[in-house]
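# Fold and contact review
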Amino acid sequence: MEEKILQDGTLNKGLKKLHVQMVALGGVIGSAYFYGVGGFIEMTGPAAFLAFALGGILVFCTLYCLGELLVAMPTTGSFISYSREFISDGCAAGVGWTYWIAIIVYIPSECIVIGTILNMYVPQISVFAGAVLGCLVITIINLRQVSNLGKIESILAITKVAAIVVFVVLAVLIAFGVIGTHEAPGMSNMAGLGGLFPLGVMAIFANLSIIVMNFAGIEIVALTAGETENPAKVMPSAVRAGAIRVVLLFIIPTFLVTVILPWTTCSYDTSAFADALAYNGFGGLSHVFNLIIIVAALSCANCNLYAAIRDMFSMSKEGMSPGVMGRTTRKGVPITAAIFSLVVVWIILFIYSFDSSGSFYAFLLSVSGIATIFCWTAICISQLIFRRRLKEHGLTKKNLKFHTPLYPLPNIVGLIILALAFGITAYYPDTRIAVIVGIPWFLIPYVIFTVMSKSGKYKVKKEIDFDQVLEEIKSEDYLKD
């Protein structure tokens, strides 16, 4: 044990291309999708898939902006470092700490879902005991070296994707009457129960904040850059594949649910995927889908814990969290950040066990969507300023290995959608608490580090040396690598 801790905080580059793509998917497709899409359809109607399409546009905009920054400046600090370099020290601190808090309070929710599903099939295992079991599994995984985490997450993510693909195939066959206990529904379920917009077109926009929360986690790809083999080659394909796969895995299945299942039967109480299969005579498969939710919850909790640990580690490198958080084991595990993050996760999980009303938990969880809005906004703005700086030095997109197409349109569209999501979240009483809680969590570190920076007391070296970045981009061999 005497050699367990390294002071230099070096991460192990053990993530391969597949690992990066699967970690990105794993952070997005969790129980909130498998279990929550029914509730979203209930609030939106059959047009729910259009709401996901709008979210998909936002994902494309944000991911491509992030991808350009990642390839040009691969760093462990990811969007925290970019925010500091291109916006301000205060913004970087606000984004980093709000993001960490949001992830930490979200992780136990996935563990609780694991406990809930296990309790359905094994009543002897209480919900809390099942949650503890799930939390124990992700604790063990995240204390091991990153290559093992990448392999395990790849298996979990592939299982989720396979389940969605199987559902899509079955749903198409059911829609055309090839299989199932009902006649071919065609578009009758979508058109015959109030049409595509039974709750009005504005229902899509009214629930935009929920869409953002569903796609939250795609930015985890940025936090893998410091542990990825050859990020300049891996990141472009990971960004492209991530954007396409995430969008397709949300839009198509949601559309098919409303094709083969009357949308009026959907709710937050059960999984719409399981209900759709059971409604059409595949009750056995519906149970399989319930078990897939356990895999989804475990995978999402695992990826988000990975992100929380790397976020804390990255902030230490930027001087925004205690320096001790930058320590790693000889195998490259950021051990101090891991232990600290895990302790907080376990505390929240145990507090939940004494809060039968769930009010405390709902209060903490409400900030997750707002944190995503802050993070993605910082990414879009950072890339805008990055391009502006390149232009000042006579550089264009032709000098970059990977660039955002149609710049600056993705930035503008992304920022407009994010502003709408924020405004809508603040407007509706049911979601306003997220703004009330989230803004102080952003502003407190923002103010602290802004004051420190202006007073001259904050002089921690930046992870990004922009002058060096410019030299690399201007070099003759840059585009040849």
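To start, this report covers the structure provided alongside it.

What counts as what
Residues numbered from 1 in each chain as written. Predicted model: local features only at pLDDT ≥ 70, side-chain atom pairs only at ≥ 80, totals over all residues. Heavy atoms only, no water. Helix = DSSP H or I, 4+ residues; strand = E, 2+ residues; numbered from the N terminus. Buried < 20%, exposed > 50% of the residue type's maximum accessible area, 1.4 Å probe, protein only. Contact = heavy atoms within 4.5 Å. 1 Å grid on protein atoms, 1.4 Å probe; cavity = no way out; pocket = protein on both sides within 12 Å on 5 of 7 lines; lining within 4 Å. Points joined across faces, edges and corners; volume = space filled by probe spheres on them. Patch = residues over 30% accessible without salt bridge, like charges linked within 9 Å, V, L, I, M, F, W, Y side chains within 5 Å. Areas by Shrake-Rupley, 256 points an atom, 1.4 Å probe, with all protein chains shown as cover. Salt bridge = Lys/Arg side-chain N within 4 Å of Asp/Glu carboxyl O. Polar contact = N/O pair within 3.5 Å; in protein donor to acceptor, adjacent residues only side chain to side chain.

## With respect to the environment of Gly56
- Structurally, the position occupied by Gly56 is in helix H4 (residues 48-72).
- You can call Gly56 buried: its relative accessible area is 2%.
- Taking C-alpha positions, Gly56 is 7.8 Å from Val246, a pair spaced 190 residues apart along the chain.
- Setting aside anything within four residues of it in sequence, one finds Gly56 in contact with Phe215 and Val247.

## Re the layout of surface pockets
- Considered as a void within the structure, the second largest pocket measures approximately 290 Å³ in volume.
- As for the second largest pocket, its lining consists of 16 residues, and the residues nearest its centre are Met73, Pro74, Gln468, Val469 and Glu472.
- Within the residue set of the lining of the second largest pocket, elements represented by two or more residues are H4 and helix H21 (466-474).
- Top contributing element to the lining of the second largest pocket by residue count: H21, with three residues.

## Observations concerning a nonpolar patch on the surface
- A grouping of Leu50, Leu196, Phe197, Val201, Met202, Phe205, Ile412, Ile416 and Leu420 is seen on the molecular surface, where their side chains present a nonpolar patch of about 750 Å² in accessible area.
- If you list the elements that add at least two residues to the nonpolar patch, you get helix H10 (202-206) and helix H19 (409-427).
- Ranked by the residues each element gives to the nonpolar patch, the list is headed by H19, at three residues.
- Topologically, Val201 is positioned in the loop between helix H9 (188-191) and H10.

## Some words on the side chain of Glu318
- If you trace the backbone, Glu318 turns up in the loop between helix H15 (283-317) and strand E2 (328-329).
- Here Ser81 takes part through its side chain, which lies 2.6 Å from a polar atom of the side chain of Glu318.
- A polar contact is formed between the side chain of Glu318 and the side chain of Arg84, at a distance of 2.6 Å.
- Those residues within four positions of Glu318 in sequence are excluded, and the remaining contacts are Ile80, Ser81, Arg84, Tyr458, Val460, Lys461, Lys462 and Glu463.

## Examining the pattern of salt bridges
- Overall, the coordinates contain five salt bridges when judged by the stated rule.
- Between Arg84 and Glu318 there is a salt bridge, with its nearest N and O atoms 2.6 Å apart. With a gap of 234 residues between them, Arg84 in helix H5 (residues 78-86) and Glu318 in the loop between H15 and E2 connect regions that are remote in the sequence.
- Since its relative accessible area comes to 5%, Arg84 is described here as buried.
- Glu85 is the salt-bridge partner of Arg389, the closest N and O atoms lying 2.6 Å from each other. With Arg389 in helix H18 (residues 368-392) and Glu85 in helix H5, this residue pair connects regions lying 304 residues apart in the sequence.
- If you follow the salt bridges from partner to partner, you end up with Arg84, Asp89 and Glu318 in one network.

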